[in-house]
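The lines below spell out each chain.
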Amino acid sequence: MAVKIRLKRMGKIRTAIYRVVVMDSRTKRDGRAIEEIGKYDPNQEPSLIEIDMERANHWRSLGAQPTEAVAALLKIMDEGTLKVAEPKPKKKDLYEAALAAAGKSEGDDASGATTAKKKAAAKKADAPKAEEKADEAPKADEAPKADEKVEEAPKADEAAAEAADSPKAGS
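Residues numbered from 1 in each chain as written. Predicted model: local features only at pLDDT ≥ 70, side-chain atom pairs only at ≥ 80, totals over all residues. Heavy atoms only, no water.

## With respect to the pattern of salt bridges
Let me state the cut-off plainly: Put simply, a salt bridge is a Lys or Arg side-chain nitrogen that is within 4 Å of an Asp or Glu carboxyl oxygen. When a residue's accessible area, from a 1.4 Å probe over protein chains only, is under 20% of the maximum for its type it is buried; when over 50% it is exposed; and in between it is partly exposed. The secondary structure listing takes helices from DSSP runs of H or I that are at least 4 residues long and strands from runs of E that are at least 2 residues long, numbered from the N terminus.
Counted according to the given criterion, the structure contains five salt bridges. D24 is the salt-bridge partner of R26, the closest N and O atoms lying 3.2 Å from each other. For D24, a relative accessible area of 12% puts it in the buried group. Across the pair E50 and K39 runs a salt bridge whose closest N-O atoms are separated by 3.8 Å. On the criterion of sequence distance, the pair formed by E50 in strand 4 (residues 48-51) and K39 in strand 3 (residues 35-41) is long-range, its members being 11 residues apart. Taking the relative accessible area as the measure of exposure, E50 reaches 39% and is therefore partly exposed. Residue K39 is classed as partly exposed on the basis of its relative accessible area, which comes to 45%.

Spelled out as structure tokens, the structure:
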């Protein structure tokens, strides 16, 4: 049985990632592997290459032949010329850097807002005007206050009595 160390394609269309596997040379490209010994992702910058060199050397000592692509990856891993991506900065560090650039320290603003409160100031200025208008014309729906005197309309009985007392009603 001829054993090869080759790449097994995984992932989506146009975003392929590969596993470095040991398998029989007669099996399909994505078929059953004897052992998976690493990963290769060419889509990242720089490319991600993770290979268990101990297992790769073990299989090579047993007669497994690497394909051209895997041989290139093993050469990169052996020589130590593998480029490693810089770790991404944490969001908290980015936030603190933005605050420092704005000239504020973390304790200056208790609300945590990053923009000025323009609408709140405009509402405060309009509030006294609205109160004056409310005092001038009370609404019909509102009940009268205890301090205010309310003029009641004459009742229908009183209106009839006044009409009967008038001189024209008897003649």
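Following the structure, the description resumes.
## Digging into the pairing of strand 4
Two faces make up the sheet, and in a regular strand the side chains alternate between them. What counts here: Strand pairing is defined by DSSP finding a minimum of two bridges between the two strands.
By the alternation rule, side chains of strand 4 split into I49 and I51, which are all buried, and L48 and E50, of which none is buried. Across four bridges, strand 3 lies against strand 4 in antiparallel orientation. Note that in strand 4 the partner of D41 across the bridge is L48.

## Here's the deal with the sheet that holds strand 3
Stated precisely, the cut-off is as follows: Whether two residues are in contact is decided by their heavy atoms: any pair within 4.5 Å suffices. Each axis is a line fitted through C-alpha atoms, taken for helices only over the stretch in contact, and angles between the N-to-C directions span 0 to 180 degrees.
The strand order 4-3-2-1-5 describes an open sheet built from five strands, whose pairing is mixed. Taken across any chain shown, the strands that pair with only one partner, and hence form the sheet edges, are strand 4 and strand 5 (65-66). For strand 1 (residues 3-12) and strand 2 (residues 15-24), the ladder comprises 10 bridges, and the chain directions are antiparallel. For K4, the partnering residue across the bridge sits in strand 2 and is M23. Contacts between helix 2 (residues 68-79) and the sheet are confined to strand 1, strand 2, strand 3, strand 4 and strand 5, with strand 4 contributing the most and set at about 85° to the helix.

## Brief notes about the environment of T15
Turning to its location among the elements, T15 is positioned in strand 2. Each C-alpha atom of the pair T15 and D41 lies 9.0 Å from the other, and the pair is 26 residues apart in sequence.

## So, the nonpolar core
Selection criterion: In plain words, nonpolar cores are sets of buried Ala, Val, Leu, Ile, Met, Phe, Trp, Tyr and Cys residues tied together by side-chain atoms within 4.5 Å.
I5, V20 and I51 are the most contacted members of the largest nonpolar core, which has 16 residues in total. For this core, the secondary-structure elements that each account for two or more residues are strand 1, strand 2, strand 3, strand 4, helix 1 (53-61) and helix 2. Those residues in contact with I5, other than ones at most four positions away along the chain, are V20, V21, V22, I37, A56, W59, R60, A64, Q65, P66, T67 and V70.

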